[in-house]
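Each chain, letter by letter, is given below.
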Amino acid sequence: MSTTQTPHPAAASPAAIRNYLNAETTVRSWLFTTDHKRIGVMYLVATIGAMMLGGIFALLIRIELLTPERTIMDAMTYNRFFTLHGVIMVWLFMIPAIPSAFGNFLVPLMIGARDVAFPRLNLASFYVYLLGAAAVLAGAMAGGADTGWTFYPPYSGQTPTAVVPILAGVFILGISSTMTGINLIVTTHTLDRKSVV
Amino acid sequence: MKDFLEALNAFYRIALALPEQASTIAWKIDALHFFEITIMFAVAALIAVVAAFYVIRFRRRTGNFATPRVTASIHGELGLFGGLLGLFILFWVIGFRQFTEMGLPPEDALDVYVTAKQWMWKFSYPEGPASVGVLYVPAGRPIRLNLTSRDVIHSFFVPEFRIKRDAVPGTYTSIWFEALHPGRYPILCTEFCGTGHSIMRGAVVVLRAEEYDAWITGTAPAPPPRPTPLEPAIETPGQLEDRGRLVEIGREVAARHGCTGCHTLDGSRHIGPTWLGLFHRSERLENGERIFVNEAYITRSMMDPQAEIVAGFPPVMPSYQGQITPAETAAIIELMKSLSQPIRNP
């Protein structure tokens, strides 16, 4: 091993190098970005926020379960809470976290591409995610559903709770995930540096 | 060897906090579970040990960045792949045999029809009697349950028998079991069905063969039910002044139609307003109006419950229109009257 080493580029202060975090720092540059890393970071912030919200519901459920009879809420409220916990955790956190947060950030890096195949579709998918999340949260404000996050019929068709806005939100979130999915599939098929001449 | 296996079974059952094995299929289902969980624990421990070993043995030492390119031998790969595949196929074979056994009741199985309804279990027998909440069966004979639901999806679950089957509206599903010895085992609902899902309890009362024959032929009454802590308690008569037969009929009707699943008779707060002191009370409704609880209001509440909801209670009561006779509504009203009267000295 040599005893003298040429200065490694990374030995310079990381903050001094132009990267995706400091290239532009305005709010506009983040909200209108088409950079896959920035979109990945925005998704990560959103999904972690969703995880916190779902976690709050989980804590409230656990407090209620401290005693066999009613502790802090009645049966109907408890049903709404575990439904919201499930809906938020599955559709606002778990499903977007892997492909949309980590996938958008890492897949182009892993295949040596500059960005994903459809960068503007990528940004659109993030705003569709926010729209879907807004619909779900509107349903939560309207009292939420009490069906469980699986929404099994016929009970989900009979209950008078706010099933429709939450399911509409889930459907919109599905559109967002599909947009991300198409993006990543086309990216891996066409931008992989080893197979594209 | 048999003693050793029985001791092993008892050890696992207690270690995993499982209830007793009270049916013929229970120990088999447990055995597959114990076998699988042991292998999984062993494999997980092996992986942890090997991973720890590799992390230490092949940690990066200073100046050594490159690792040799390692490819596994074809025999190693095939052995690992074949071993794991064989293991999972073994799990599947045992499980599938149990699955078919649970799906094919013996020829001489007794039929019972189970109707699940928010939030109660109803049972009816081909020989005639019907029962709410309590399933009477003889010990030592196979019983086939034909399950359906009146409203939403429920699921019939008896932990001690290790049996579970969904009760689906619009169709019949079926499960069979054979109870080993007399006893009383709780029934739980295990498919979310609304506000009363967690209190939708029942009991399987396993009788000796003679007791069961006496009950089903009507020779002897059913053994008096002693509710376990899990079942919703029904008020026993004798504490309140006896106003004649209609009040007793009212209690039976209230139990049969599941009223006591939501309305208590002793003043404790539950899903619906308690009936203690309800009659001739001035109640405040959700819309702020006040109504006087009389025979008309009670009957309207049974026929169109969503129209006048008492403030502070959820709008979950189903309509009994067409399901309850005028005589039964009268009996329930008499029961409510008896719960509002002061106790007179005889």
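Residues numbered from 1 in each chain as written. Chains lettered and ligands numbered in written order. Predicted model: local features only at pLDDT ≥ 70, side-chain atom pairs only at ≥ 80, totals over all residues. Heavy atoms only, no water.

## Thoughts on the overall build of chain B
Helix and strand counts for chain B stand at seven helices and twelve strands. For 346 residues, the compact-globule estimate of 2.2 N^0.38 gives 20 Å, and the C-alpha radius of gyration of chain B, at 28 Å, exceeds that figure by more than 25%. Considered along the principal axes of its C-alpha atoms, chain B spans approximately 95 × 60 × 40 Å. Taking the average location of the 32 positive side-chain charges in chain B and that of its 34 negative ones, the two points are 9 Å from each other. (Helix = DSSP H or I, 4+ residues; strand = E, 2+ residues; numbered from the N terminus. Rg over C-alpha atoms; globule rule 2.2 N^0.38 Å. Lys, Arg positive; Asp, Glu negative; His and termini not counted. Charge placed at Lys NZ, Arg CZ, Asp CG, Glu CD.)

## Considerations on the pattern of salt bridges
Residues and elements named next belong to chain B. Under the definition given, this model contains nine salt bridges over all chains. Close ionic contact of Arg208 with Glu211 constitutes a salt bridge, the shortest N to O distance being 3.8 Å. For Arg208, a relative accessible area of 44% translates into the label partly exposed. A salt bridge links Glu308 to Arg300, with the nearest nitrogen and oxygen atoms 3.0 Å apart. Here the salt bridges share partners, and the residues they tie into one network are Arg208, Glu210 and Glu211. (Salt bridge = Lys/Arg side-chain N within 4 Å of Asp/Glu carboxyl O. Buried < 20%, exposed > 50% of the residue type's maximum accessible area, 1.4 Å probe, protein only.)

## A word on the interface of chain A and chain B
Facing twelve residues of chain A, the contacting portion of chain B comprises eleven residues. Buried surface at the junction of chain A and chain B, summed over both partners, amounts to about 980 Å²; 72% is from carbon and sulfur atoms. At the surface where chain A touches chain B, the tally comes to zero salt bridges. The interface formed by chain A and chain B holds zero residue pairs in polar contact (both at pLDDT 80 or more) in total. Contributing elements (two or more residues each) for the side of chain A that touches chain B: α3 (75–111) and α5 (155–158) of chain A. Take the side of chain A that touches chain B: its biggest share by element is four residues, from α3 of chain A. The residue inventory of the side of chain A that touches chain B, partitioned by class, reads seven nonpolar, four polar and one charged. (Contact = heavy atoms within 4.5 Å. Buried area = accessible area lost by both parts, 1.4 Å probe. Polar contact = N/O pair within 3.5 Å; in protein donor to acceptor, adjacent residues only side chain to side chain. Nonpolar A, V, L, I, M, F, W, Y, C, P; charged D, E, K, R; others polar.)

## Considerations on the confidence of the model for chain B
Residue and element names in this part refer to chain B. Across chain B, the average pLDDT comes to 85, with 90% of residues at or above 70. Across residues 228–243, where pLDDT falls below 50, the model places 25 contacts with residues more than four positions away in sequence or in other chains. Confidence estimates for the predicted assembly give a pTM of 0.70 and an ipTM of 0.78. (pLDDT = per-residue confidence, 0-100.)

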